[in-house]
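# Descriptive structure summary
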Amino acid sequence: MKLIKLASIGVVGLLALLLLAPSAQIKAAAASNGPKAAPAIDANGNLHVPIGYRTSYQFLGSWAVASAPDKNPGETHVVYASPGTIEAYRKDGRFPDGSVLVKEVLEASTEKMTTGTVSRAQKLKGWFVMVKESKDTHPENALWGDGWAWAWFNPSDPSKTTSMDYRVNCITCHIPAKSTDWIYVQGYPPLKATR
Ligand code: HEC
C-alpha cells in the first residue's frame, strides 16, 4: 500500500514537472526583451545549436541552391534570428551584441507540382550558427573573431561543433558580405519590411 502511494506521488510529481517545466521556459523567454546570446553559447564561449529555435526564433529568410542534374539534389537554407534581432536591426541598421543567427542546411527534393518545378526541404544536413560579439570577448577561441562567433554542427551533434577555425572554415566565403558585417542581408526581407 505504502509503495503504491509512494509510486503515485512519484508519478504526480513527474507529471507536475513535465507540465511546469515548459511553461517556466516560455515565461522566461517572454520576460526577456531583446536578443540573448545565452541559448547558443556556454560560459566558456562554446557554441551549440539553440534548443527550440524553430518555435522561439524569428524567421529571417531562405535560400535555394539549385540542383544540378546527375550531381546534387540542391539545398534549401532557412535562416532564423534570435528574438528581438529584427526589431533592433530595423532601428539601428546593425546586429546588436548577443544576436544569434541559425542557418539550417536542408537537402532539397525537387519535383513538378501544380505551381511549377518546386524544391522543398527534405533532409537536414546540419546547422551554421553565428553569435554577434563586437567586443572580442574570447580572443583565445579560434571560432571567435571579426565581430562574431562562428560554428558548424552536424545533425548527429547539435551541441558540439566540428569547426576548428572560422578563418579557415567560414570567413573567406563571407567576404562578399563584408560591408554588411559578414551577413548576406539582401536575402532577409524582414530586416527591411515595415509591414
Ligand atoms: C562555401 C562558402 C561558405 C562557407 C564555407 C561558409 N559560408 Fe556561411 N554563407 C555562405 C553564403 C553564400 C550564405 C548566404 C547564401 C546561402 O545560404 O546559400 C551564407 C549564409 C550564412 C548564414 C546566414 C546569415 C548570412 O550570413 O546570410 C550563417 C549563419 C552562416 N552562413 C554561417 C557560416 C559559418 C558559421 C561558417 C563556418 C563554420 C560558414 N557560414 C561557412 C557561404 C559560406
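Residues numbered from 1 in each chain as written. Predicted model: local features only at pLDDT ≥ 70, side-chain atom pairs only at ≥ 80, totals over all residues.

## Notes on the environment of glycine 145
Along the chain, glycine 145 turns up in strand β5 (residues 144–145). Residue class for glycine 145 comes out partly exposed when judged on the 18 C-beta atoms lying within 10 Å of it. It is 7.8 Å that separates the C-alpha atoms of glycine 145 and tyrosine 166, two residues lying 21 residues apart in sequence. (Helix = DSSP H or I, 4+ residues; strand = E, 2+ residues; numbered from the N terminus. Buried ≥ 20, exposed ≤ 12 C-beta atoms within 10 Å, placed from the backbone.)

## What about the sheet that holds strand β2 (residues 75–81)?
The strand order β1-β2-β3-β4-β6-β5 describes an open sheet built from 6 strands, whose pairing is antiparallel. Pairing within the sheet leaves two strands with one partner each, and these edge strands are β1 (58–65) and β5. (Pairing = 2+ DSSP bridges.)

## Side note on the site of the ligand
By nearness alone, 21 residues border the ligand, and Phe128, Trp150, Cys170, Cys173 and Tyr184 come closest of all. Broken down by secondary-structure element, the contributors of at least two residues to the shell around the ligand are β1, β2, β3 (100–113), β4 (116–132), β6 (148–153), α4 (166–169) and α5 (171–174). For the shell around the ligand, the leading source of residues is β6, giving 3 residues. Looking at the shell around the ligand residue by residue, the class counts come to 15 nonpolar, 5 polar and 1 charged. (Near = placed C-beta within 6 Å. Nonpolar A, V, L, I, M, F, W, Y, C, P; charged D, E, K, R; others polar.)

## Quick word on the pairing of β6
With 5 of 6 residues buried, β6 is to be regarded as a mostly interior element. The sheet contact formed by β4 and β6 spans 6 bridges and is antiparallel. Bridge pairing links methionine 130 to tryptophan 150 in β6. Where β5 and β6 come together, 2 bridges link them in antiparallel fashion. Opposite glycine 145, over in β6, you have tryptophan 148 as the bridge partner. Here β5 hands over to β6 after 2 residues, with aspartate 146 in that stretch at a positive phi of 55 degrees.

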